[in-house]
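Here is how the chains run, residue by residue.
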Amino acid sequence: EGGIAEAGTEARPGDPSDIVNEVADMRGADLIVVGSVGMGQARRFRLGGVPDRISHYAPCDLLIVQTTAPDAGSREPASYQRVLIATDGSGTADEASRRGAMLAATVGAPNVDLVFVGDALVGRVVVTDTAKRLGLEGAGQHVVKGDPSKGIVKTAEAQAADLVVVGNKGMLGAKRYLTDSVPNRVSHDAPCDVLIVKTVGRSPDELGPGEAGIVLARGR
């Protein structure tokens, strides 16, 4: 806090999404930040603009900043007031929740909400347990039924969230499947910024004590 960040530059020819991901990987970046221009509506069988393509192959966490909404330029930088963290109780979702809670604390977000989409009984247990584990006992807890991506987006709208946090499970794989994933649809439809936390495709040395992830080992 209060430190000065070191800035560097990189200029390369080629596909912008490929170059951004390559440079992020080369520099060991923890976070890529892109604007939402080019996201548009989710497409069933092919990827859209630059931020959409980056989101599926990013080597680290990705923050998609809402720059296309009418009021996108009216908010002060890093002034998140309400962060909505989506969880389904899995180990990878727990990692995304932990990272989202850390970001909310770092930027001083005064309100944090948790959302689970699915069975009400299971959902109440999941959000209560997640809140307790992350020290978020005062967080809003929402359990809704229906399609997971639609439930997350509707909750974000209802709570006036300015950041939604999801894991990247489902973002990698064959193109015929990845466009139907929950984080993909949330990244296209959310009315606010979206943080996609890398929980799938991590390497063993990226995991610390108590952290979860789906690990790539020997190509599997």
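Rules and cut-offs
- All residue numbers refer to positions counted from 1 along the written sequence of the respective chain.
- This being a predicted model, a pLDDT of at least 70 is required before a residue's local features are given, and a value of 80 or more before pairs of side-chain atoms are given or counted; all residues contribute to the totals for chains, interfaces and linings.
- Heavy atoms throughout the structure, all of them, feed into the side-chain values; hydrogens and water do not.
- Axis definition: a line fitted to C-alpha atoms, over the contacting stretch in the case of helices. Angles run 0 to 180 degrees between N-to-C directions.
- In this text, helices come from DSSP runs of H or I with a minimum length of four residues, and strands from runs of E with a minimum of two, each type numbered from the N-terminal end.
- Note: crossing handedness is left-handed where the near helix turns anticlockwise from the far helix by less than a right angle, and right-handed where it turns clockwise.
- It only takes one pair of heavy atoms within 4.5 Å for two residues to be counted as in contact.
- Exposed residues in this analysis have more than 50% of their type's maximum accessible area, buried residues have under 20%, and partly exposed residues fall in between, with area computed by a 1.4 Å probe over protein chains only.
- Strand pairing is assigned whenever DSSP detects at least two bridges linking the two strands.
- Whether a crossover is right-handed depends on one test, that the path from the first strand over the helix to the second runs clockwise when the strands point away from the viewer.
- Per-residue confidence from the prediction method is given by pLDDT, with values spanning 0 to 100.

All right, on to the packing of helix α5 (residues 148–158) against helix α7 (residues 182–189) then. A pair of packed helices is characterised by two quantities: the angle between their axes and the separation of those axes. At their nearest, the axes of α5 and α7 sit 9 Å apart, and the two run at 35° to each other. For the crossing formed where α5 meets α7, the hand is right-handed. Here P148, S149, I152 and V153 of α5 come into contact with α7, specifically with V182, R185, V186 and D189.

A word on the pairing of strand β4 (residues 111–117). Most of β4 sits out of view: six of its seven residues are buried. Strand direction decides the pairing type here: strand β3 (residues 82–86) and β4, joined by five bridges, are parallel. If you follow R82 over to β4, its bridge partner there is N111. Once the chain exits β3 it traverses helix α3 (residues 91–107) before rejoining the sheet at β4, and the crossover so formed is right-handed. Inspection of the sheet shows β4 paired to strand β5 (residues 140–144) by five bridges, in the parallel sense. Paired with D113 across the strands is G140, a residue of β5. A crossover connection joins β4 to the parallel β5 through helix α4 (residues 120–133); in handedness this β-α-β unit is right-handed.

Here we come to the confidence of the model for the protein chain. Summarising the model, the protein chain shows a mean pLDDT of 84, and 80% of its residues fall at 70 or more. This stretch, residues 174–178, has a pLDDT under 50; its non-local contacts, to residues over four places away or in other chains, come to 13 contacts.

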